[in-house]
Amino acid sequence: AQSVTQLGSHVSVSEGALVLLRCNYSSSVPPYLFWYVQYPNQGLQLLLKYTTGATLVKGINGFEAEFKKSETSFHLTKPSAHMSDAAEYFCAVSDQGSGGYNKLIFGAGTRLAVHP
Amino acid sequence: ETGVTQSPTHLIKTRGQQVTLRCSSQSGHNTVSWYQQALGQGPQFIFQYYREEENGRGNFPPRFSGLQFPNYSSELNVNALELDDSALYLCASSATDSYGYTFGSGTRLTVV
């Protein structure tokens, strides 16, 4: 069964510093991979996704992620953190159930704090 | 283009009661999925509806049930509420065979 592991439940960076949020997955088939952001008391907003093609994926708000099959990783990065990046970040992998329906399997999340 | 709308935003129920949560899907989307997000955890898949029928379910008991209507909106019903049902319930809509999920802002359910 597919699964997602996010290393570090809490990450703290200084404003302007590099953001690196780690995600490893397990999948028996070529995965589709996603990063979502959740601000307090809100739903999930898609940052970026990998389906096929180029392994470096660029998303919104300056974030990007690289799919590394050999490492089964899909880490999220941003060169320079902004105070507005403080939020909860979720990595997810696609899963196809019996009957052909699609669903997402999420990691436990990483809370990013950005301090001045 | 409207996004996914969920109602209510918050509600409090007593253990043993029943609750209905509602979701209006994004225009052009015909598939609706429901997720439960307990405090401090990632969302967990409850079930998915397509063409007004449940076509997939996660590891949730039968007291979690749903409906999808001809306009693709959906309801999540939970019977015999338990304290552990306290969570944020997220609705996501998508087009057929698409991974372009759009999530709503969720309904925060508190069971006391």
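Quick notes on the rules
Residues numbered from 1 in each chain as written. Chains lettered and ligands numbered in written order. Predicted model: local features only at pLDDT ≥ 70, side-chain atom pairs only at ≥ 80, totals over all residues. Heavy atoms only, no water. 1 Å grid on protein atoms, 1.4 Å probe; cavity = no way out; pocket = protein on both sides within 12 Å on 5 of 7 lines; lining within 4 Å. Points joined across faces, edges and corners; volume = space filled by probe spheres on them. Helix = DSSP H or I, 4+ residues; strand = E, 2+ residues; numbered from the N terminus. Nonpolar A, V, L, I, M, F, W, Y, C, P; charged D, E, K, R; others polar. Pairing = 2+ DSSP bridges. Axes fitted to C-alpha atoms, helices over the stretch in contact; angles between N-to-C directions. Contact = heavy atoms within 4.5 Å. Buried area = accessible area lost by both parts, 1.4 Å probe. Salt bridge = Lys/Arg side-chain N within 4 Å of Asp/Glu carboxyl O. Polar contact = N/O pair within 3.5 Å; in protein donor to acceptor, adjacent residues only side chain to side chain. Buried < 20%, exposed > 50% of the residue type's maximum accessible area, 1.4 Å probe, protein only.

Student: Where do I start with the layout of surface pockets in this structure?
Tutor: One water molecule sets the probe size; rolling that probe over the atoms shows where empty space is left. Of the volumes computed, that of the largest pocket is approximately 340 Å³. As for the largest pocket, its lining consists of 20 residues, of which A:Gln38, A:Glu88, A:Arg111, B:Gln37 and B:Gly40 are closest to the centre. No other element matches strand 9 (residues 87-96) of chain A, which puts 3 residues into the lining of the largest pocket. Looking at side-chain class alone, the lining of the largest pocket contains 8 nonpolar, 9 polar and 3 charged residues. If you trace the second largest pocket, you find it lined by A:Lys103, A:Leu104, A:Ile105, A:Phe106, B:Gln36, B:Pro43, B:Gln44, B:Phe45, B:Gly58, B:Asn59 and B:Phe60. Elements supplying a minimum of two residues to the lining of the second largest pocket: strand 10 (102-106) of chain A together with strand 5 (44-50) of chain B. Counting residues per element, the lining of the second largest pocket draws most heavily on strand 10 of chain A, which supplies 4 residues. In terms of residue class, the lining of the second largest pocket is built from 6 nonpolar, 4 polar and 1 charged.

Student: Just to check I follow, could you spell out the sheet that holds strand 6 (residues 56-58) of chain A for this structure?
Tutor: Remark on secondary structure: sheet strands pair via backbone hydrogen bonds, oriented parallel or antiparallel. All names here are of chain A. In space, the 5 strands of this open sheet follow the order 1-3-8-7-6, with antiparallel pairing throughout. The open sheet terminates on both sides in strands that have one partner only, identified here as strand 1 (3-7) and strand 6. Here the strands of the sheet are splayed against their neighbours by 20 degrees on average, with no regard to which way each runs. Where strand 6 lies against strand 7 (residues 64-68), 3 bridges are found, and the strand directions are antiparallel. Paired with Val57 across the bridge in strand 7 is Ala65.

Student: In this structure, what is going on with the interface of chain A and chain B? I would like to understand it.
Tutor: A common way to state how big an interface is: give the accessible area lost once the parts meet. At the interface, 17 residues of chain A touch 20 residues of chain B. Together chain A and chain B conceal approximately 1,600 Å² of surface at their shared face, both sides included; 56% is due to carbon and sulfur atoms. The largest contributions to the chain A side of the interface with chain B come from A:Leu44, A:Tyr101 and A:Asn102, which together make up 34% of the buried area. At the junction of chain A and chain B, the tally comes to 0 salt bridges. For the pair chain A and chain B, the number of links is 4 residue pairs in polar contact (both at pLDDT 80 or more). Top element by residues in the side of chain A that touches chain B is strand 10 of chain A. It accounts for 4 residues. Broken down by class, the residue content of the side of chain A that touches chain B amounts to 9 nonpolar, 6 polar and 2 charged.

Student: Could you clarify how one ought to interpret the environment of A:Tyr89 in this entry?
Tutor: Residues and elements named next belong to chain A. Locating Tyr89 in the fold gives a position in strand 9. By relative accessible area, which is 0% here, Tyr89 ends up buried. Note: C-alpha distance between Tyr89 and Gln6 (83 residues apart in sequence) is 9.5 Å. Among residues more than four places away in sequence, those in contact with Tyr89 are Gln6, Leu21, Trp35, Tyr36, Val37, Leu47, Phe63, Leu76, Gly109, Thr110 and Leu112.

Student: Any chance you could explain the pattern of salt bridges here in plain terms?
Tutor: Think of it this way: side chains of opposite charge can pair up when their charged atoms draw near. Counting across every chain of the model gives 8 salt bridges over all chains. Between A:Asp95 and A:Lys103 there is a salt bridge whose closest N-O contact spans 3.6 Å. When sorted by exposure, A:Asp95 lands in the same class as A:Lys103, which is buried. As a salt-bridge pair, B:Glu82 and B:Arg63 come within 3.2 Å of each other at their nearest N and O atoms. A residue pair is termed long-range when its members are at least 10 positions apart, and B:Glu82 in the loop between strand 8 (74-78) and strand 9 (87-94) and B:Arg63 in the loop between strand 6 (53-57) and strand 7 (64-68) qualify at 19 residues. A single salt-bridge network, built from bridges that share partners, covers B:Arg63, B:Glu82 and B:Asp85.

Student: How do you make sense of the pairing of strand 3 (residues 19-24) of chain B when you look at a structure like this?
Tutor: Every other side chain in a regular strand lies on the same face of the sheet, so the side chains alternate between the two faces. Residue and element names in this part refer to chain B. Where strand 1 (residues 5-7) and strand 3 come together, 3 bridges link them in antiparallel fashion. Its bridge partner lying in strand 3, Ser7 is registered against Arg22. In terms of strand pairing, strand 3 meets strand 8 through 5 bridges, oriented antiparallel. Paired with Cys23 across the bridge in strand 8 is Ser74.

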